[in-house]
Amino acid sequence: MDFGFSEQQEMLRTMARDFLAKECPKAKVRELDKDELGYSPKMWSNMAELGWQGLVFPEEYSGTEASFVDLLVLMEEMGRNITPGPFFSTVALCALPLLKFGTKKQKAEYLPDIANGKAIWTFAFTEQSASYKPSELTLSATIEGDDYILNGEKLFVADAHIANYLLVVARTAKSKNPEDGVTFFVVDSKAPGLKIERIPTMAGDRQFQVVFNKVKVPKINILGTLNKGWEIVNFTLQRAAALKCAEISGACQAVLDMTSAYAKERIQFDRPIGTFQAVQHKLADMLIDVEAIQYLLYQAACSIADGEPSQLQISIAKAKASEAYQNICIDGITAHGAIGFTYDHDIGLYYRRVRAAEFAAGNVDMHKEIIAVEMGL
Amino acid sequence: MDFKLGEKEKVLIDEIAKFAKQELPPDWKGTQLIDQECTDFDFEVSMSKKLAQKGWLVMSWPKEYGGQGASHLEQTVYEMEVSYWGIPGAWMGISGIQWVGPVLIMLGTDQQKKKYLPMIASGDKDGYWCTGYSEPNAGSDLASMQTRALRQGDHYVINGQKVWTSFAHNARWCWLMARTDPNAPKKHRGLSLLIVDMKSPGITIRPLPNYYGRHHFNEVFFDNAKVPVENLVGEENRGWYHLMQALAFERRSVGPIIAGGFRRMVEDLAQYCKETTYEGKPLCQHPIVRQKLAEMAIDVETIKMFAFQFTWRLTQGAIPVYEASRNKLTGDEIMRRFATSAAEILGAYSQADPNSKFARVRGRIQGAYLGFPGNMIAAGTAEVEKSIMAQFRLGLPKSY
């Protein structure tokens, strides 16, 4: 049993931390908040130069063959830094399923461009009910010659405005079991009939309604097997949940660090407020949650890296992390007092991202239900 | 990074399961997780002896003292599984295994090691220990204890009172902390650790039943009780520092014990929810029940990871300080959530006494429900543990 990261992973962490501190200070985060694109193309290509987007790809697709745990380290640092941009959409939600389920041809076509920072991808799954249940998938894809015609609507699709491709989960057949008849399509974002509208959100991140009006997609753009896409959904959501947890983990550590630092420097009643047990005990609670997220997540990530069944551990980590992230932010803000409620203070940047993080790859209730199923209930 | 158990640990888990199924009565209710207490002392001692014969009782001690030189990880797994199965007699009273043995191995004289370690390692009832720390006016502020042990010739003469002394009524020995220098400039100097024979004249034990009537605690009165000077552990007046070491040993087991016992309770409760019909369908199909059980599963995993992380820190040569507080506090919070949530699931049946035919889930929910507030106080209150974490991990100023 070993709770430590390897020397290489520690190096990756340090490198990522330094890079992000330089390229994406909080002033930059705020600037991107109001920016038209919401991300920095220059930072994106610098990340690609460091090999981040292709971190876990094999060399033949311009990657560095790092492990899932290495990717976790990277995402923890991005979460700590709350780096805006399409990394999660592109890598966690799209590149990993492409790598696993793509044909040789598809992988050769798409993955090197992702690794080189040339292509941005996003995942289009949830619809009106904003649920990840198979029964809620209604966007239809019907065959017409060598093409499928997609009709319907996706909601809360991140980064659709800058994506070159969308990985769209559609219904290709109706059947008694809603998990059957689900198919993945690679859709060019410039395809005629595809219309996007921004959903303004509290985090200032970029989420969209994407309407498909007779969007034509060639048959060869199916990822995996026709009607058997639910397996890919599971694969994708599991990994995405773990990697979103990694972002949460980094974010929570950052909130704990800044609150702890503030408690040492803020003077009231002639002494640092960190002298007061009411403040200390709040911080101790935050610390416990931060460590719980870390170890639950690391266990899940190692299990994924080893190719073992990991659903239970992932759902445990994601449910815990989503709840704790919210509590840690609220405790952190209240420990700061009024300054924590201001636009200029960084802590609000973290709190505003709680809802999106909870929703990503399944909310708390969904993961608790998965845990119940895994327990045999 | 690697979270897998080795072959050795897996074999150990299987062997303990086999042992538990073979040696425990089929209707065994388990020890109370709260205090590892077994109401049948003779049975408890018989199990201690069997654990000793298996070579498990003091497995982490060096071979020369009857142990196996087992690794920290094996010891952790052993403690988890013993707690999971509710095997009584594994601790040799409250302190024999967990901190008397380890501290004696570190600080004891050759004579003390020769005399006391084999008694503990054998599983005999003469190897059962209680611990005398708390006093009526020394709880969280332990260093203000007043019980005196004043040297007279080749004896210390002890006068004073200890309280919340778990297991004193069955223990042969007391691991006692007392004031040997009343004039020391600071209160935590001038304290010493002593080994006291509970059969000595001048010692009176008075039961102090807890609020649900169980006899676990005692008051222990010392009226000119004599202790030979060779029973001093470590250095005279350095007892406080020895005690810190003993507490570190004590706290190492908190994580594994709760992780194991709690996992079993959640499994049993989940099973009950599958087998029980409520409003026309299995209890476990009710969404609220499912959510509650899922939350318990998250807690099971959390305390398990904390226990293993602590163990890993030990293997790294660290002396985990705040981690011990983290594990203790997390264990307490988890038990609180479990007991209240499980009682809600059981509804009216949660009130039924454990031995009555109306009891559910082997009566263990009631035990947990009544017991957890006590557990939250024992070995350091939540307030004390949180302050330790804030100071030792986050570097905040000392607050008291």
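Model, not experiment: these values are computed from the prediction.

## Brief notes about the overall build of chain B
Counting its secondary structure elements, chain B contains 11 helices and 10 strands. Here the C-alpha atoms of chain B give a radius of gyration of 21 Å, agreeing with the 21 Å that 2.2 N^0.38 yields for 400 residues. Judged by the C-alpha coordinates and their principal axes, chain B covers about 75 × 45 × 40 Å. The burial tally for chain B puts 58% of its 400 residues in the buried class. Summarising the internal contacts of chain B: among those between residues at least 6 apart in sequence, 73% fall at separations of at least 24. Accessible area for chain B stands at about 16800 Å²; split by element, carbon and sulfur atoms hold 51% of it. Distance between charge centres in chain B, computed from 48 positive and 44 negative side chains, equals 2 Å.

## Notes on the overall build of chain A
Scanning chain A for helices and strands turns up 12 helices and 10 strands. Computed over its C-alpha atoms, the radius of gyration of chain A comes to 21 Å, within 12% of the 21 Å expected for a compact globule of 377 residues. Expressed as lengths along the three principal axes of its C-alpha atoms, the size of chain A is roughly 80 × 50 × 40 Å. Considering chain A as a whole, with its 377 residues, one finds that 60% of them fall into the buried category. Of the contacts made within chain A by residues no fewer than 6 positions apart, 73% connect residues no fewer than 24 positions apart. For chain A, the centre of its 39 positive side-chain charges and the centre of its 48 negative side-chain charges are spaced 4 Å apart.

## Observations concerning the pairing of strand β7 (residues 217-228) of chain B
For strand β3 (residues 155-162) of chain B and β7(B), the ladder comprises 8 bridges, and the chain directions are antiparallel. Bridge assignment links Lys162(B) to a residue of β7(B), and that residue is Val220(B).

## Considering the packing of helix α6 (residues 239-252) of chain B against helix α7 (residues 254-275) of chain B
Residue and element names in this part refer to chain B. Where α6 meets α7, the axes come as close as 4 Å, and the angle between the chain directions of the two elements is 20°. Judged by the inter-axis angle, α6 sits roughly parallel to α7. Note on element contacts: α7 touches α6 through Val254, Gly255 and Pro256, opposite Glu250, Arg251 and Arg252. Grouping the constituent residues of the contact of α6 with α7 by class yields 2 nonpolar, 1 polar and 3 charged.

## A few points about the packing of aromatic side chains
In total, this model carries 35 aromatic pairs over all chains according to the counting rule given. Centre to centre, the rings of Phe19(A) and Trp52(A) are 5.0 Å apart; their planes meet at 70°, and the pair counts as edge-to-face. Taken together, the residues Phe19(A) in helix α1 (residues 7-23) and Trp52(A) in the loop between α3 (41-49) and α4 (68-81) connect sequence positions 33 residues apart. On the basis of relative accessibility, which here comes to 11%, the residue Phe19(A) falls in the buried class. For Trp52(A), a relative accessible area of 0% puts it in the buried group. Ring geometry for Trp164(B) and Phe217(B): centres 5.6 Å apart, planes at 65°, overall edge-to-face. With Trp164(B) in the loop between β3 and β4 (173-179) and Phe217(B) in strand β7, the pair connects residues that are 53 residues apart, well separated along the chain. One aromatic cluster in this structure is built from Phe123(A), Phe125(A), Tyr132(A), Phe156(A), Phe184(A), Trp230(A) and Phe359(A).

## Focus on the pairing of β4(B)
Residue and element names in this part refer to chain B. Where burial is concerned, most of β4 is hidden: 7 out of the 7 residues are buried. With burial as the criterion, each face of β4 is covered, one bearing Trp173, Trp175, Met177 and Arg179 and the other bearing Cys174, Leu176 and Ala178. When β4 meets strand β5 (residues 191-197), the two strands line up antiparallel, connected through 7 bridges. From the neighbouring strand, tryptophan 173 faces β5, where its bridge partner is aspartate 197.

## A word on a nonpolar patch on the surface
Residue and element names in this part refer to chain B. A surface patch of nonpolar side chains, amounting to about 320 Å² of accessible area, comprises Ile319, Val321 and Phe392. By secondary structure assignment, the location of isoleucine 319 is in the loop between α8 (287-315) and α9 (322-346). A residue is classified by how much of its surface remains accessible, and isoleucine 319, at 61% relative accessible area, is exposed.

## Focus: the interface of chain A and chain B
Taken together, the contact pairs 43 residues of chain A with 43 residues of chain B. Regarding the contact of chain A and chain B, the summed buried area is about 4100 Å², with carbon and sulfur atoms giving 67% of it. Considering only the surface of chain A that becomes buried against chain B, Met1(A), Phe3(A) and Leu377(A) emerge as the three largest contributors, covering 20% of it. At the junction of chain A with chain B, the criterion picks out 5 salt bridges. Between chain A and chain B we count 18 residue pairs in polar contact (both at pLDDT 80 or more) in total. Elements that contribute at least two residues to the side of chain A that touches chain B include exactly α7 (230-265), α8 (277-305), α9 (311-336) and α12 (364-374) of chain A. For the side of chain A that touches chain B, the residue count by class is 23 nonpolar, 10 polar and 10 charged.

## Here's the deal with the domain arrangement of chain B
All names here are of chain B. The domain boundaries assigned to chain B delineate domain 1 (7-128), domain 2 (130-237) and domain 3 (244-392). Each of domain 1 and domain 2 has a C-alpha centre, and the two are 25 Å apart. Roughly 1900 Å² is buried in total at the junction of domain 1 and domain 2, and carbon and sulfur atoms are behind 56% of that figure. Linking domain 1 with domain 2 are 1 salt bridge.

Cut-offs used in this document
- Each chain carries its own residue numbering, running from 1 in the direction its sequence is written.
- Here the convention is simple: chains get letters from A, ligands get numbers from 1, in the order in which they are written.
- The model is predicted, so local features are restricted to residues of pLDDT at least 70 and side-chain atom pairs to those at 80 or more, both for listing and for counting; the totals for chains, interfaces and linings are taken over all residues.
- Hydrogens and waters are ignored; side-chain quantities use all the structure's heavy atoms.
- To qualify as a helix, a DSSP run of H or I must reach at least 4 residues; to qualify as a strand, a run of E must reach at least 2; elements of each kind are numbered from the N terminus.
- Based on C-alpha atoms, the radius of gyration is set beside the globule rule, defined as 2.2 Å times the residue count to the power 0.38.
- For every residue, the accessible area (1.4 Å probe, protein chains only) is compared with the maximum for its type, and the residue is labelled buried under 20%, exposed over 50%, or partly exposed between those bounds.
- Here, residues are in contact when the closest pair of their heavy atoms is within 4.5 Å.
- Note on areas: Shrake-Rupley with a 1.4 Å probe; residue coverage comes only from the protein chains shown.
- Positive: Lys, Arg. Negative: Asp, Glu. His and the chain ends are not part of the count.
- Where a charge lies is defined by one atom per residue type: Lys uses NZ, Arg uses CZ, Asp uses CG and Glu uses CD.
- Pairing between strands is defined by DSSP: at least two bridges between the two strands are required.
- Note on geometry: axes are lines fitted to C-alpha atoms, helical ones only across the stretch in contact, with angles between N-to-C directions running from 0 to 180 degrees.
- Working rule for angles: under 35 degrees goes down as roughly parallel, over 145 as roughly antiparallel, 65 to 115 as roughly perpendicular, anything else as oblique.
- Only Asp, Glu, Lys and Arg are considered charged, only Ala, Val, Leu, Ile, Met, Phe, Trp, Tyr, Cys and Pro nonpolar, and every remaining residue, Gly among them, polar.
- Stacked, edge-to-face and tilted labels apply to pairs of Phe, Tyr and Trp rings (six-membered ring for Trp) whose centres lie within 6.5 Å, assigned for plane angles under 30 degrees, over 60, and everything in between, in that order.
- Think of a patch as exposed residues, more than 30% relative accessible area, with no salt bridge, where like charges cluster within 9 Å and nonpolar side chains (Val, Leu, Ile, Met, Phe, Trp, Tyr) cluster within 5 Å.
- Salt bridge criterion: a side-chain nitrogen from Lys or Arg within 4 Å of a carboxyl oxygen from Asp or Glu.
- Two parts placed together each lose some accessible area; with a 1.4 Å probe, that loss summed over both constitutes the buried area.
- The term polar contact refers here to a pair of N or O atoms within 3.5 Å; inside protein, the definition further demands a hydrogen-donor-capable atom paired with an acceptor-capable atom, and it admits residues adjacent in sequence only when both atoms are side-chain atoms.
- Domain start and stop points were drawn from an automatic or database domain assignment.

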